[in-house]
Each structure stands twice: as C-alpha cells, then as structure tokens.
Amino acid sequence: MRCGRRAGWARRASSRLPVLLVLTALLVQAGCTATVLPPAAVDEPARIAILDHGRHTSLVLEEPGGAVVLYAYGDWEWFALRRTGPREASAAVLGPSQAALGKKHLAGPLTAQALVEQVRVLVTDIIILHVERRRLDELAARLDAVFRANISSLVHNDAYDLDFVYHPEPYSVFHNSNEVVADWLEELGCRVTRPSLFFTWKLDAPARWPSDAAYRGLGLSLPYCRRCVARRKRCLRATLQAG
C-alpha cells in the first residue's frame, strides 16, 4: 500500500512539473523593461503603435489613407484556439510549437483613444511613434504575404476579435510575441534593447502615452496602476475621458 501511495504521488508530481516550469519561467522574467529608440529622422513619417497586453505584445501599423491594421504573434493552441490548460501552457513555454499570426483591420485613426475602443484584448499600455513610410510599407507587405500564404488555416477568435493563420516560424519561450514584435520594430528602423524573454516596453523619447502627469492629474497612483492590469485598463479609459 505504501508503495502504491508513493507511485501515485510520483505520477501527480510528474504531471504538475510542466506547469511548475511554466510558472517559474514567467516569474523569473517578470518586471524587465525593453527600451525602444525610434529613428532619429524620417523623410516620410508614418505612425505605429506598440500595444502592451501584459505578457503579450501586438503592433499596429498606419496604412495609407488613415486606416490601421493590427498584427500579433503567438502560440497557435494558446492564442488562436484559446486552449489554455496546463498541457498547452507547457507546450507554449517548452516548445517549439505551431505559431499563429493574428490580424485585424481597424477603422482608425491611429490614436490611443481609437485603439482602446476598437481592440478587444486588454491593453495595459500604448506607445505611439513615427517611422519611415517605406519601411512600414515593406513590413506590412511581408506580413500580409505571410497571412495570405497561410489562409487555408484561417480561424477567427471571437474573444480577441482577431483572424489567425499559421505562422511559419515556430513559437517558443525564446521566440515569443515580445521577441517577434521587437524584430518587427527593428525592421522599421528602431533600436530595441531586450533585457529578457518577457518584458514591458519603454520609449526612449518624450512621446509616450499616457503621460505620468495625466495619471497624477486624475489623482491615480501610477505605480499601483502599472502593477494591476485590470485597474490599469480603467485608468486608460479614465485618462481618455478626462482628456
């Protein structure tokens, strides 16, 4: 009987090990900040927005004419299909696994208020900056080509209101949404510091939105808001309404 209990404990422990590894990886990487340095000068400026969703990042590009398109990268099972159990979490972190490219057209304009109103995924921070139009068009064309080449795998995620297709580059803890968005930013001429696998974003220029002064003017505690994702969402909306 004692051997049976030990065997049962061993089975339970081994089944929980992947989940513990996932949690450990997330905790070790918490709290780091990536710094984005935009191009010093651009001949034909076009706007982009980095959307920080907590542990995930997406990128918004301004199309000619004022419309905008959002692109996101993540694990297929976890992100596109919303299968978020322990097995999927383990596969996403320990990978490599099938990756997903998400896409959504937005009405525009590319402003913080319009993005908060139109993006269904929780937004904890927004950074808007200018890049060269030519570089933006090249990146948009490349991502659109990837999307069209994999259109046979198309699924729509109602919870995120995003269309997803397979992405040819496998997802892993070393190739997650933050890393891919950082790659995209570098294609756009930005310089990005990457302190760890999971990070939040900071702009190395005085154009970050919302400003700290806006939070203080509303009587909000900025450090507390940045620690609490749900509260930060309300703070973003409060800032917009106050403005």
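Residues numbered from 1 in each chain as written. Predicted model: local features only at pLDDT ≥ 70, side-chain atom pairs only at ≥ 80, totals over all residues. Heavy atoms only, no water.

## A look at the pattern of salt bridges
All chains considered together, the criterion is met by seven salt bridges. Overlapping salt bridges, with partners in common, bring together Lys103, Asp144 and Arg148 in one network. (Salt bridge = Lys/Arg side-chain N within 4 Å of Asp/Glu carboxyl O.)

## Re the packing of aromatic side chains
All chains considered together, the criterion is met by four aromatic pairs. Judged by centre distance (4.6 Å) and plane angle (75 degrees), the rings of tryptophan 76 and tyrosine 166 are edge-to-face. Taken together, the positions of tryptophan 76 in helix H2 (residues 76-80) and tyrosine 166 in strand S8 (residues 162-171) put the pair 90 residues apart, joining distant regions of the chain. Residue tyrosine 166 is classed as partly exposed on the basis of its relative accessible area of 35%. Connected via pairs of aromatic rings, a cluster forms that spans Phe79, Tyr160 and Phe164. Sitting above the plane of the tyrosine 160 ring, arginine 82 keeps its charged end 5.5 Å from the centroid. Lysine 103 extends its terminal NZ or CZ atom over the ring of phenylalanine 147, reaching a point 5.2 Å from the ring centre. (Phe/Tyr/Trp six-rings, centres within 6.5 Å; stacked < 30°, edge-to-face > 60°. Helix = DSSP H or I, 4+ residues; strand = E, 2+ residues; numbered from the N terminus. Buried < 20%, exposed > 50% of the residue type's maximum accessible area, 1.4 Å probe, protein only. Lys NZ or Arg CZ within 6 Å of the ring centre and 35° of its normal.)

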